[in-house]
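Understanding the architecture of this molecule
What follows is each chain in one-letter form.
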Amino acid sequence: MPILFLDFDGVLHPEHCHESKHFCCLPVLESALRQVPEFDLVITSTWRLQSPLEHLRQRFSSDVAARIAGATPRYCELKDVPQTLVGYEREAECQAWLRTHEASYQPWLAVDDRSWLYRPFCKSLFLNDGRTGLSPTSGELLVARLRKLL
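What this report covers is the structure whose coordinates are included nearby. Since we're looking at a predicted model, the values are computed, not measured. (Residues numbered from 1 in each chain as written. Predicted model: local features only at pLDDT ≥ 70, side-chain atom pairs only at ≥ 80, totals over all residues. Heavy atoms only, no water.)

**Focus: the pattern of salt bridges**
Applying the stated rule across the entire model yields 10 salt bridges. The residue Arg90 makes a salt bridge to Asp112 at a minimum N-O spacing of 2.6 Å. Note that Arg90 is positioned in helix H5 (residues 89–100) and Asp112 in strand S4 (residues 108–112), a separation of 22 residues in sequence. Here Asp129 and Arg131 are joined by a salt bridge, their closest N and O atoms 2.9 Å apart. Where salt bridges share partners, they join Asp7, Arg48, Arg90, Glu93 and Asp112 into one cluster. (Salt bridge = Lys/Arg side-chain N within 4 Å of Asp/Glu carboxyl O. Helix = DSSP H or I, 4+ residues; strand = E, 2+ residues; numbered from the N terminus.)

Listed below in structure tokens is the structure:
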């Protein structure tokens, strides 16, 4: 299955928003994902460091939650980070998850609002505006990018 690596802050809600706004953009993501059911989800968000995966799954609709295949490992716990990924923590975590799950050959896309966590010009990054979170327009663009990977 192709993989969508998912950040929360700046994607599922605006970065640094009040907690009452948390996950306000989740309906946009879920609508997009329902249009590309081939993709599994892997959580890259720092939320994975504070909450068990089951608690994070509960934030999603049941059909989307069932597609969450796991969460990436912590950068500080990675062994043998390729020299080309040193300093690009989130991309290194994504690559490590793919290797561990024997999915390095699978198409993948990461949705994030922080470009510096990935190598410059990373073709597998869908950069989102963290000030707004995932908007309906960016949700449509995400669907188009995911379809290109199929």
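Moving on from the coordinates now.
**With respect to the pairing of strand S2 (residues 40–43)**
Every second residue of S2 is oriented toward a common face, with Asp40 and Val42 on one face and Leu41 and Ile43 on the other, all of them buried. Here four bridges tie strand S1 (residues 3–6) to S2, and the two strands are oriented parallel to one another. Note on S2: the bridge partner recorded for Leu4 is Leu41. This β-α-β element, S1 to helix H1 (residues 26–35) to S2, shows right-handed connectivity. Sheet topology places S2 next to strand S3 (residues 68–71); three bridges connect them, and they run parallel. Note that in S3 the partner of Ile43 across the bridge is Ala71. (Buried < 20%, exposed > 50% of the residue type's maximum accessible area, 1.4 Å probe, protein only. Pairing = 2+ DSSP bridges. Right-handed = clockwise from strand over helix to strand, strands pointing away.)

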